[in-house]
Amino acid sequence: MAVTDTSPPARSWYKRNEIAVTPWLFLAPAILFFLVYVLVPIYQSFSISLYNWDGLGEARYVGLENYVELFDDSAFEVSLWNNLKWLLLYLLAIPAGLFIALFLNQTVAGIRMYKSLFFFPFVISQVVVGLVFSWFYLPNEGLLNNIVTFFGFDPINVLGDPALATYGIIIAGLWPQTAYCMILYLTGLNAVDPEQVEAARLDGAKGWKMLWYVIIPQLKPATFIAFVVTIIGALRSFDLISIMTNGGPFGQTRVLSFYMFEKALSEYGFRMGYGAAIAVVLFLIMLCFIAYFLFSMWREEKEGR
Amino acid sequence: MKTTFKASFAALAAAATMAGSNASAELTGDLKIFLDTSNPAPRATMEAMIGRFQAEHPDLNIETTVIDREAYKTQIRNFLTADAPDVATWYAANRMRPYVEAGLFEDVSDLWMEPAIADNLGSTKGAMTIDGKQWGVPYTYYQWGVYYRKDIFGELGLSEPATWEDELANCEKIVASGRACYTIGSKFLWTAGGWFDYINLRTNGYDFHMDMAAGNVAWTDDRVKATFANWRQLIDMGGFVANHQTYSWQEALPFMVNGEAAAYLMGNFAVAPLREAGLSDDQLDFYQFPVINPDVPLAEDAPTDTFHIPANAANKEAAREFLRFVVSSNEQTEINNGSNLGQLPINASASIDDDKFLDQGFAMLSSNSPGGVAQFFDRDFPAEMAAEAMQGFQEFMVFPDNLDDILNRLEKVRARVYQ
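Before going into details, it helps to say that this report is about the structure given with it. Residues take numbers from 1 onward in each chain, read along the sequence in its written order. Key to labels: chains lettered from A, ligands numbered from 1, both in the order written. Owing to the predicted nature of the model, reporting of local features is limited to residues with pLDDT of at least 70; listing and counting of side-chain atom pairs is limited to 80 or more, with chain, interface and lining totals taken over all residues. Excluding hydrogens and water, the side-chain figures rest on all heavy atoms present in the structure.

## A closer look at the overall build of chain B
Next, step 1: Each helix and strand counted, chain B has 20 helices and 13 strands in total.
Next, step 2: In terms of overall size, chain B behaves like a compact globule, its C-alpha atoms giving a radius of gyration of 23 Å where 419 residues would be expected to give roughly 22 Å.
Next, step 3: In terms of overall dimensions, chain B has a C-alpha envelope of 75 × 50 × 35 Å along the principal axes.
Next, step 4: Put simply, chain B has 419 residues, and 55% of those count as buried.
Next, step 5: Pairs at least 24 apart in sequence give 76% of the contacts found in chain B among residues at least 6 apart. A run of H or I in DSSP counts as a helix once it spans at least four residues, and a run of E counts as a strand once it spans at least two, with each numbered from the N terminus. Only the C-alpha atoms count toward the radius of gyration. The rule for a globule is 2.2 Å times the residue count to the power 0.38. Residue burial is assigned from relative accessible area. The probe radius is 1.4 Å, only protein chains are included, and a residue is buried under 20% of its type maximum, exposed over 50%, and partly exposed in between. Any two residues having at least one pair of non-hydrogen atoms within 4.5 Å are treated as being in contact.

Here it is as structure tokens:
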């Protein structure tokens, strides 16, 4: 008590640890929400997939039975293949978006209006896109069949034919997705260095060579983002399927997310465990892409230093 | 039980004499009602009916929520467990089984013992019974059958078919005239379930059909195959409109209105849109699905819509009173008449509106359905079996050659569902 304290007044715990603690404080809300809305649900999906549960009564532990059943389920197989079709064909939105962007990247009167017209499909709801395309495909009165029969071919029922229906939906999905990629590239084209273009021109580059060796490498960030959003868009393809075919005809247009919804949450579903098992498979597929995206971002950051 | 009944009766009588108002005006508190009757006409009917109940019980604070009919089918699981209303609509038979088994519906067998209900609702008691107890009350039901264009039949010189041979002969003439015999939109699958119900009920009978619903018959059984063989006769002769897998049941109506198809196997709810589309009662008529196998008694589909009290309801007393009110003969006459639901009352002492389809339907169900009354494919069969099977029916109607593959698949599902 009597000892005189020469050191500065005792600082609070927070003041002493400010440097170490502050970043965590800033991160805390994000970490909390990431935990509650991402990590815990992932864990829960994994654990529910080991049970047989209708969402109401007792859950019964069945081990890997749901997964065993998945491998023997032809509907699951169809959904998996359809997911693959979506992934591959949806990527067409990237080159299509690039070419529309190149085409629109000029200064003529009213170009802003043209750009917004091309961007329009991305602004309207997916539900509307689905409805418009399903009317377009209608077997008798649809515009497509009016065109087809005008040229003397037999009418086709795109959404009613199990071999064509998925492609019909993917084309509907490509319409807004192309617009999205176009906007990404239009922004990217603004950042292309005019001096490099000038230099390349002096060296005699033009046309495809100019595009391939000078423009596209500079668009790499835009391409990366376009790739990411397109892959995610393809894996999330749910609303179009639900609107246009409801998974039919006889389940031939389902993808994993739709099949999961049908099994777990739809009118006749409520096999929560089985639905969760499908969700886990979908998650593992997505995880491959997520890992790749993270890896390439990490690599880029390392190079950037 | 009896003493409480007497006591409350005495209280009611006292209240009635003292206040001079309705006997059960003492009901107080909140009454939360959830409805799936989201289509305009049923919605107005229900709201008017609740209005009359409110007038009888002015101290009761009634809160009505109308939920989209399709969305309701998934939301019911949430609100029954989490935030239960006092009264909720649903469907009879197997469709209510998951909630009964999970203990989410209140046992209302006591209501069914009261003479007003016991004496008048006998015909639907079976559909409301699981494990020997009743779990709700019906408020309406409607017949299924063939709605057809009388003028087209007249033009081709056809009459209502009574047997399968008549049916096929009729269909041949209709197809020859460049029309389809039947319109159907199978995009949402259940319409094909109606066809299976009828052909199976006529080929193998009600008891067999219900045995199938209970999972006791293999889908690969020869008797089931006979059903599909009969069905296939119609498919192969071009009896159904093309591309039906792309249409909903409403989108299939124009074929009938425009005269491209002569008939529609549907529930009575199809009459209203057909009339609205301009078909007069001279052009539109109804017949009972024809006999296929004369050895099995006729049986019909007549889906029943119901009211239930959730087990977690807060005001069960008022909810019970509401159920009594709904099934009373006056209300049944009112809500099922042609300007409201346009369906059949479930109370035997209610009167049926003077409508030719309701009259025919009532006559058919009360006197010409000795085999029994089924609910509907997706209400009699367990949900999972129904979903897979109806998808198979749709595939069969488009590619009849896939039948064996489809039946093997369904047999696999049966082995799992009914284990």
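From this point on, the discussion continues.
## Some remarks on the packing of aromatic side chains
Next, step 1: Note on aromatic contacts: the rings of Phe and Tyr and the six-membered ring of Trp form a pair at centre separations within 6.5 Å, being stacked when their planes are under 30 degrees apart, edge-to-face when over 60 apart, and tilted otherwise. Scanning all chains against the criterion turns up 63 aromatic pairs over all chains.
Next, step 2: Look at Tyr51 of chain A and Tyr61 of chain A: their rings are 5.4 Å apart centre to centre, the planes differ by 75°, and that puts the pair in the edge-to-face class. In this pair, Tyr51 of chain A sits in strand β1 (residues 51–52) while Tyr61 of chain A sits in strand β2 (residues 60–61), placing the two residues 10 residues apart along the sequence.
Next, step 3: For Tyr51 of chain A, a relative accessible area of 31% corresponds to the partly exposed category.
Next, step 4: On the accessibility criterion, Tyr61 of chain A (55% relative accessible area) is exposed.
Next, step 5: Taken together, a centroid distance of 5.3 Å and an interplanar angle of 70° make the contact between Tyr247 of chain B and Phe255 of chain B edge-to-face. Each member of the pair, Tyr247 of chain B as well as Phe255 of chain B, carries the same accessibility label: buried.
Next, step 6: Connected via pairs of aromatic rings, a cluster forms that spans Phe196, Trp219, Phe228, Trp231, Phe377, Phe381, Phe393 and Phe396 of chain B.
Next, step 7: Only when the NZ of Lys or the CZ of Arg is both within 6 Å of the ring centre and within 35 degrees of the ring normal is a charge said to sit over the ring. Taking NZ or CZ as reference, Arg271 of chain A lies 4.3 Å from the ring centre of Tyr274 of chain A, over its face.
Next, step 8: The ring of Phe270 of chain A carries the charged tip of Arg77 of chain B above its face, separated from the ring centre by 3.3 Å.

## What about the pairing of strand β6 (residues 137–141) of chain B?
Residue and element names in this part refer to chain B.
Next, step 1: The element β6 is extensively covered by neighbouring structure, given that 5 of its 5 residues are classed as buried.
Next, step 2: By the convention used here, strands pair only if DSSP detects at least 2 bridges between them. Relative to strand β12 (residues 304–308), β6 runs antiparallel, the two being bridged by 4 bridges. Directly across from Tyr141, in β12, lies its bridge partner Thr304.

## A word on the nonpolar core
Next, step 1: Here, nonpolar core refers to any group of buried Ala, Val, Leu, Ile, Met, Phe, Trp, Tyr and Cys residues whose side-chain atoms link them within 4.5 Å. Judged by nonpolar contacts, the single largest core of 74 residues is most densely connected at Trp195, Trp219, Trp231, Phe377 and Phe393 of chain B.
Next, step 2: Per-element tally for this core: the top contributor is helix α19 (residues 383–398) of chain B, with 7 residues.
Next, step 3: Ignoring sequence-local partners within four residues, the contact set of Trp219 of chain B consists of Phe196, Met212, Val224, Phe377, Phe381, Met385, Ala389, Phe393, Leu407, Leu410, Glu411 and Arg414 of chain B.
Next, step 4: Of all hydrophobic cores here, the second largest spans 59 residues; its members include Ala93, Val148, Leu219 and Met244 of chain A.

## Side note on the interface of chain B and chain A
Next, step 1: Contact with chain B, which involves 31 residues of that partner, is made by 28 residues of chain A.
Next, step 2: Put simply, buried area is how much 1.4 Å-probe accessible surface two parts lose in total, over both of them, once they are put together. Carbon and sulfur atoms make up 53% of the area that chain B and chain A hide from each other, which totals about 2400 Å².
Next, step 3: Ranking the residues of chain B by area buried against chain A places Arg77, Lys187 and Gln391 of chain B at the top, with a combined share of 22%.
Next, step 4: Salt bridge criterion: a side-chain nitrogen from Lys or Arg within 4 Å of a carboxyl oxygen from Asp or Glu. Glu69 of chain A serves as the salt-bridge partner of Arg416 of chain B, at 2.7 Å between the closest nitrogen and oxygen.
Next, step 5: Put simply, the parts of the chain that give the side of chain B that touches chain A at least two residues each are α3 (69–81), α4 (97–101), α19 and α20 (403–417) of chain B.
Next, step 6: It is α19 of chain B that contributes the most residues to the side of chain B that touches chain A, 9 residues altogether.
Next, step 7: When the residues that make up the side of chain B that touches chain A are grouped by side-chain class, the tally is 12 nonpolar, 7 polar and 12 charged. Residues are grouped as follows: nonpolar covers Ala, Val, Leu, Ile, Met, Phe, Trp, Tyr, Cys and Pro; charged covers Asp, Glu, Lys and Arg; every other residue, Gly included, is treated as polar.

## Some words on the sheet that holds β12 of chain B
Residues and elements named next belong to chain B.
Next, step 1: Taking strand neighbours across the sheet as the criterion, the 5 strands line up as β2-β1-β3-β12-β6 in an open arrangement whose pairing is mixed. Strands with a single pairing partner mark the edges of an open sheet, and in this sheet they are β2 (60–66) and β6. Each strand axis lies, on average, 25° off the axis of its neighbour in the sheet, ignoring direction.
Next, step 2: Where strand β3 (residues 87–91) meets β12, 4 bridges bridge the pair, whose relative direction is antiparallel. Residue Thr89 lies in a different strand from β12, and its bridge partner there is Phe307.
Next, step 3: Helix-sheet contacts for helix α2 (residues 40–56) involve β1 (29–35), β2, β6 and β12, and the interaxial angle to β2 is about 175°. Axes here refer to lines fitted to C-alpha atoms; in helices the fit is confined to the stretch in contact. Angles between the N-to-C directions go from 0 to 180 degrees.

## Focus: helix α7 (residues 126–136) of chain A
Residue and element names in this part refer to chain A.
Next, step 1: For α7, the full list of buried residues reads Val129, Gly130, Phe133 and Ser134. Buried residues along α7 cover an arc of 125° about the axis, so they all sit on one side.
Next, step 2: Next to the buried residues of α7 lie α6 (111–123), α9 (165–190) and α13 (239–244).
Next, step 3: At the N-terminal end of α7, a side-chain oxygen is found 3.0 Å from the backbone nitrogen of Val127, two or three residues along, and the residue is Ser125. This arc is built from the directions going out from the helix axis to the C-beta atoms. Within 3.5 Å is the distance limit for a polar contact, defined as a pair of N or O atoms, with the added protein rule that one can donate a hydrogen and the other accept it, and that residues adjacent in sequence qualify only through two side-chain atoms.

## Focus on the environment of Phe258 of chain A
Residue and element names in this part refer to chain A.
Next, step 1: Relative to the helices and strands, Phe258 is located in helix α14 (residues 256–265).
Next, step 2: Classification of Phe258 as buried rests on a relative accessible area of 2%.
Next, step 3: Along the sequence, Phe258 and Glu141 sit 117 residues apart, while their C-alpha atoms lie 28 Å from each other.
Next, step 4: With sequence-adjacent residues up to four places away left out, Phe258 is seen in contact with Phe238, Ile241, Ser242, Asn246 and Gly247.

## Here's the deal with the state of the cysteines
Each disulfide consists of a covalent bond between the sulfur atoms of two cysteine residues.
Residue and element names in this part refer to chain B.
Next, step 1: Cysteine sulfur atoms are paired as a disulfide whenever they fall within 2.5 Å. Applying the stated criterion to the full structure yields 1 disulfide over all chains.
Next, step 2: Each disulfide pairs two cysteine sulfurs, and for Cys171 the partner residue is Cys181, the sulfurs being separated by 1.9 Å. Torsion about the S-S bond of the Cys171 and Cys181 cystine: about 95°, corresponding to right-handed handedness. One end of the pair, Cys171, is in helix α9 (residues 164–176); the other, Cys181, is in strand β8 (residues 180–182), and 10 residues separate them in sequence.

## Observations regarding the pattern of salt bridges
Charged atoms that come close allow side chains of opposite charge to pair.
Residues and elements named next belong to chain B.
Next, step 1: Evaluation of the coordinates by the stated rule reveals 34 salt bridges over all chains.
Next, step 2: Of the charged contacts, one joins Glu321 and Arg324 as a salt bridge, the two residues approaching to 2.8 Å between their closest N and O atoms. Of this pair, Glu321 and Arg324 both sit in helix α15 (residues 316–327), separated by 3 residues, roughly a single helical turn.
Next, step 3: Given a relative accessible area of 27%, Arg324 falls into the partly exposed group.

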